[in-house]
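Report on the structure
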Amino acid sequence: MGSNNLGIGHCNLYSNFTGFSNVAVGNNTLFNNETGTHNVAVGHLSLSSNNTGVNNTVVGVESALRSISGDENVYMGYDVVRNALTADANVAIGSSNGSGLISTNSNVSIGFRGEASGGCSISIGAEAKATAPNSHTYGCLSSNSGENSAVYGVGINNTGSNSFIFHNHIVK
């Protein structure tokens with residue numbers, strides 16, 4: 001039944017078999033965890049679908065709700081990265097952040113309803129989105145779906161690859 005686990009709340013670590021060194025605080029946190037180790041889940045239903053994921057830190061109600069086997073993630077805020085299934089090495093901070101993150105790795109997203117889901121992507125700002133590989137978006141309400149590109153500014157939409165846009169000006 002695992003060892004060195006701590007559960008505070010109803011049905012925490014309910015399915016735990018060999019998972020060890022987990023902390024689950026809040027109802028149904030780490031509910032399906034069987035072999036996952038070194039996870040911290042705080043908040044109702046956080047990491048509730050986790051089965052084998054290791055070394056995750058999740059703080060927030062319904063955060064990482066559907067994550068099954070993601071490793072090395074840090075998620076903070078209400079309903080963060082709800083749909084991620086197997087994503088690894090990601091950071092998402094801010095309410096409703098990361099809704100498009102399913103299985104890509106090494107993304108960082110900070111801000112309300114932000115999203116970095118392209119793989120090695122970064123988004124910073126409320127509703128900032130970086131959805132292509134190696135895309136970076138800095139600024140509220142901006143989006144970047146161009147590979148290997150960066151957007152700096154508010155309300156900018158980029159779809160071109162290998163570009164750098166600074167306050168609506170393409171920099172060459």
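Residues numbered from 1 in each chain as written. Predicted model: local features only at pLDDT ≥ 70, side-chain atom pairs only at ≥ 80, totals over all residues. Heavy atoms only, no water.

**Some points on the side chain of Ser-117**
As a reminder, the rule being used: In this text, helices come from DSSP runs of H or I with a minimum length of four residues, and strands from runs of E with a minimum of two, each type numbered from the N-terminal end. What makes two residues a contact is simply this: any of their non-hydrogen atoms within 4.5 Å.
Residue placement: Ser-117 occurs in the loop between strand S8 (115-116) and strand S9 (122-124). Non-local contacts of Ser-117, meaning those with residues more than four positions away in its chain, are made with Gly-100, Leu-101, Thr-104, Asn-107, Ala-130 and Thr-131.

**Points about the environment of Gly-7**
Worth spelling out the cut-off: Buried residues are those whose accessible area, probed at 1.4 Å on protein chains only, stays under 20% of the maximum for their type, while exposed residues exceed 50% and partly exposed ones sit between those limits.
Tracing the sequence through the fold places Gly-7 in strand S1 (residues 6-8). The exposure class of Gly-7 is partly exposed, given its relative accessible area of 44%. Sequence spacing of Gly-7 and Val-25 is 18 residues, and the spatial spacing of their C-alpha atoms is 5.8 Å. Look past the residues within four positions of Gly-7 in its chain and what remains in contact with it is Asn-12, Leu-13 and Ala-24.

**A closer look at the sheet that holds strand S15 (residues 164-166)**
The following threshold applies: The pairing criterion for strands is at least two bridges between them, as found by DSSP.
Across the sheet, 12 strands lie side by side as S1-S2-S3-S4-S5-S6-S7-S9-S11-S13-S15-S16; this open sheet has mixed pairing. Of all the strands in the sheet, just S1 and strand S16 (169-170) have a single pairing partner and so form its edges. As paired strands, strand S13 (residues 150-152) and S15 are joined by 3 bridges and run parallel to one another. Of the residues in S15, the one forming a bridge with Val-151 is Ile-165.

**Structural notes on unusual backbone geometry**
Of note in the backbone geometry, Glu-127 takes a positive phi value of approximately 60° without being a glycine. Here Glu-127 lies in the loop between S9 and strand S10 (129-130). Given the relative accessible area of 31%, Glu-127 is considered partly exposed. Positive phi, close to 50°, is recorded for Asn-148, a residue that is not glycine. As for its position among the elements, Asn-148 is in the loop between strand S12 (143-144) and S13. A relative accessible area of 39% places Asn-148 in the partly exposed class.

Purely geometric numbers; function is a separate question.
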